[in-house]
Amino acid sequence: MRYVSTRGEAAPRGFEDVLLAGLAEDGGLFLPETWPVLTPEEWRALRGLPYAELSARLIHRFVGDALTLDELRALTTEAYAGFRHPAVVPLVQLGTNEFALELFHGPTLAFKDMALQLLGRLFDHVLKKRGQRITIVGATSGDTGSAAIEACRDREAVDIVILHPEGRTSEVQRRQMTTVLSPNVANIAVQGSFDDCQDLVKAMFVDAPFRDEMRLAAVNSINWARIAAQIPYYAYAALSLGAPDREVAVSVPTGNFGNVFAAWAARRMGLPIGKFLIGSNRNDILVRFLDANDMSARPVEPSLSPSMDIQVSSNFERLLFELLGRDPVATARQMKEFRSAGRMPVPDAAWREATKLFSGFTLDDPGTLAEIQRLNRDVGYLADPHTAVATAAVRTLMPDGRLPVIIAATAHPAKFPDAVERATGLRPALPPALADLFSREERFTVLPNNLGEIEARVKAHARRNSVDA
Ligand SMILES: Cc1ncc(COP(=O)(O)O)c(C=O)c1O
Ligand SMILES: N[C@@H](CCOP(=O)(O)O)C(=O)O
């Protein structure tokens, strides 16, 4: 299995190198050179398998000879062993044809654990084999950061620096990151938005001397391994609902487009997902694109679903590459225009293609509170604000219930207790492992949105750790 960059100038390479590279040197994102496609019989053979086994078998299609199936199975088994639910990703019926796929039973209470618990172990496996160290730099709007820190804390060959937008995460999200005092972990609160944090991370990756000196690696969904590890839960849910013999739909609360792209990848591998609903808060660039081919970035605005407070969705580039017939020159041209002008008219044929599969839905804060309240009152289900955006999308975009819909329940309600309490009067408690979160010491550095200052901080952190090591 080899991977190509969406911008075509970086050399194709195998899984291990893609795992360690994160972003391609040309600024593009890696995708498999050819998609593995499973026959209906092969899909059926995965039905009923324990989650760790199912995920090992599917992810193995992407790793080539980097790991044997046995090696990968050992990693997925360990990765999901600590989840709080025996099914790992339980499917909970919310309506006649609506099912919440709960992705938040991992250590940090969000769907990011599904991929990052595995990614931390994959890094370890590959780095031990190679005798190398890496410095991870990541951007977070709240959930990737804590999941990555939890997965990488105290790992010998890894230093990790996470950038979050100062004051724009929930307090639980911030504390989950900043109270981890392991010496290989550093947190930076950037005076800016998530988009600024993500731009800074991408700028570090295209700064070749810095990237090489620090041996930068990525934990965001720019890293292909993140997407690969998010595909199996869609397969697990779809197979439980009758696929490959029955078509299903998905509804995904969307920010950086990684989670919904993983669902699209599952379709590309032969899973019959017939419709993709994209839920958005007031940062609705993807919805405007789908409704009117208006792909224009506006300033990021805070909302009750802060993890989706994103305007520039990294993984849209992967879909664009596919929509443009895998033409890297056209993709690079479009992305360059988006970067310089802040807008990108996608060619009409590609836009129409996208609208056949994807539909967008925007929910404002009052609507989000009303939906959390409705779910609690009518269904007895306590949803976090991100999940509520996706359940509301189903009621608006697919009220006829013609397909079973898998709703990605991306976070535990206790991560957003203020919003949930405002909507329902109930304050969800944190699980026992996090019960003392509010009395733990916090450590982070506040820095301006300035590449030089951030790079200097990353360098100081990585140096200190290699001296200590
Ligand atoms: C709870 C939650 N829901 C939804 C999203 C959006 O997912 P994606 O960025 O993969 O589109 C995020 C952040 O990524 C999140 O943390
Ligand atoms: N919502 C995310 C933003 C980063 O997304 P990623 O999937 O690219 O890591 C977060 O919670 O940090």
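The shown structure was predicted, so the numbers you read here are calculated from the model rather than taken from an experiment.

Q: Mind showing me how you'd approach the UniProt feature "domain: Tryptophan synthase beta chain-like PALP" (unreviewed entry) in the chain here?
A: In this numbering, the UniProt entry assigns the feature "domain: Tryptophan synthase beta chain-like PALP" (unreviewed entry) to residues 94-326. Within residues 94-326, the helical portion is 43% and the strand portion 19%, while the C-alpha atoms at the span's ends are 38 Å from each other.

Q: Sorry, what's going on with the pattern of salt bridges here?
A: Where charged atoms of side chains with opposite charge meet at close range, the side chains can pair. Inspection of the entire model under this criterion finds 42 salt bridges. Ionic pairing is found between Arg47 and Asp245, a salt bridge with its closest N-O pair at 2.9 Å. Placement of Arg47 in the loop between helix H2 (40-44) and helix H3 (51-63) and of Asp245 in the loop between helix H10 (224-240) and strand E10 (248-253) is noted, with a sequence separation of 198 residues between them. Arg377 is the salt-bridge partner of Asp378, the closest N and O atoms lying 2.9 Å from each other. Classification of Arg377 by relative accessible area gives exposed; the value is 56%. One continuous salt-bridge network, built from bridges that share partners, spans Glu16, Asp17, Lys129 and Arg130.

Q: What should I look at first to understand the confidence of the model for the chain in this one?
A: When pLDDT is low, close inspection of the predicted coordinates is not appropriate. Model confidence for the chain is summarised by a mean pLDDT of 97, while 99% of its residues fall at 70 or above. The ipTM, which scores confidence in the relative placement of chains, is 0.99 for this predicted complex, and the corresponding pTM is 0.97.

Q: How do you make sense of the environment of Asn184 when you look at a structure like this?
A: One can find Asn184 in the loop between helix H7 (171-178) and strand E8 (185-191). Exposure remark for Asn184: the relative accessible area of 5% places this residue in the buried category. Taking C-alpha positions, Asn184 is 9.3 Å from Ile149, a pair spaced 35 residues apart along the chain. Contacts of Asn184, omitting those with residues within four sequence positions, involve Cys152, Arg153, Asp154, Arg155, Val158, Asp159, Ile160, His461 and Asn465. Polar side-chain contacts of Asn184 include one of 2.9 Å to the backbone nitrogen of Asp154.

Q: Just to check I follow, could you spell out empty space enclosed by the protein for this structure?
A: To find leftover empty space, one rolls a probe the size of a water molecule over the atoms. Enumeration according to the criterion identifies six cavities of 30 Å³ or more in this entry. Here the largest cavity is characterised by a volume of approximately 290 Å³. Lining the largest cavity are 27 residues; nearest its centre among them are Phe111, Lys112, Gly255, Asn256 and Ser307. The element best represented in the lining of the largest cavity is helix H11 (residues 258-268), accounting for three residues.

Q: Would you take a moment to explain helix H16 (residues 365-379) for this structure?
A: Residues lying three or four places apart along an α-helix face the same way, a consequence of the helix completing one turn every 3.6 residues. Compared with the 21 Å implied by 1.5 Å per residue over 15 residues, the 21 Å span of H16 between its first and last C-alpha is a close match. Asp365, Thr368, Leu369, Glu371, Ile372, Arg374 and Leu375 are the residues of H16 that are buried. For H16, the elements touching its buried residues are strand E4 (91-95), helix H17 (385-397) and helix H18 (417-424). At the N-terminal boundary of H16, the capping side chain belongs to Asp364, with an oxygen 2.8 Å from the backbone nitrogen of Gly367. Directly after H16, the chain includes Gly380, whose backbone phi takes a positive value near 70°.

Q: What exactly am I supposed to notice about the layout of surface pockets here?
A: Reported here for the largest pocket is a volume of approximately 520 Å³. As for the largest pocket, its lining consists of 22 residues, of which Arg7, Asp199, Lys202, Val312 and Arg339 are closest to the centre. If you list the elements that add at least two residues to the lining of the largest pocket, you get helix H8 (194-206) and helix H14 (328-341). Sorting elements by how many residues they give to the lining of the largest pocket places H8 first, with five residues. Residues that form the lining of the largest pocket fall into these classes: nine nonpolar, five polar and eight charged.

Q: Can you walk me through the environment of Asp384 in this structure?
A: By secondary structure assignment, the location of Asp384 is in the loop between H16 and H17. Distance in space between the C-alpha atoms of Asp384 and Met114 is 18 Å, their sequence separation being 270 residues. Other than its neighbours up to four places away in sequence, Asp384 contacts Ile372, Thr410, Ala411, His412, Pro413, Phe416 and Val420. A distance of 2.6 Å separates the side chain of Asp384 from the side chain of His386, its partner in a polar contact. A polar side-chain atom of Asp384 sits 2.5 Å from a polar atom in the side chain of Thr387.

Q: Where do I start with the packing of aromatic side chains in this structure?
A: When we look at a pair of aromatic rings, we describe it by the centre distance and by the angle of the planes. Scanning the entire structure with this criterion turns up 15 aromatic pairs. Here the aromatic rings of Tyr80 and Phe83 are separated by 5.4 Å at their centres, their planes lie at 75°, and the arrangement is edge-to-face. Phe83 matches Tyr80 in its accessibility class, with the two residues each being buried.

The rules behind the values
Residues numbered from 1 in each chain as written. Chains lettered and ligands numbered in written order. Predicted model: local features only at pLDDT ≥ 70, side-chain atom pairs only at ≥ 80, totals over all residues. Heavy atoms only, no water. UniProt positions renumbered as here; feature names shortened; annotations may be inferred. Helix = DSSP H or I, 4+ residues; strand = E, 2+ residues; numbered from the N terminus. Salt bridge = Lys/Arg side-chain N within 4 Å of Asp/Glu carboxyl O. Buried < 20%, exposed > 50% of the residue type's maximum accessible area, 1.4 Å probe, protein only. pLDDT = per-residue confidence, 0-100. Contact = heavy atoms within 4.5 Å. Polar contact = N/O pair within 3.5 Å; in protein donor to acceptor, adjacent residues only side chain to side chain. 1 Å grid on protein atoms, 1.4 Å probe; cavity = no way out; pocket = protein on both sides within 12 Å on 5 of 7 lines; lining within 4 Å. Points joined across faces, edges and corners; volume = space filled by probe spheres on them. Expected span 1.5 Å × (residues − 1). Nonpolar A, V, L, I, M, F, W, Y, C, P; charged D, E, K, R; others polar. Phe/Tyr/Trp six-rings, centres within 6.5 Å; stacked < 30°, edge-to-face > 60°.

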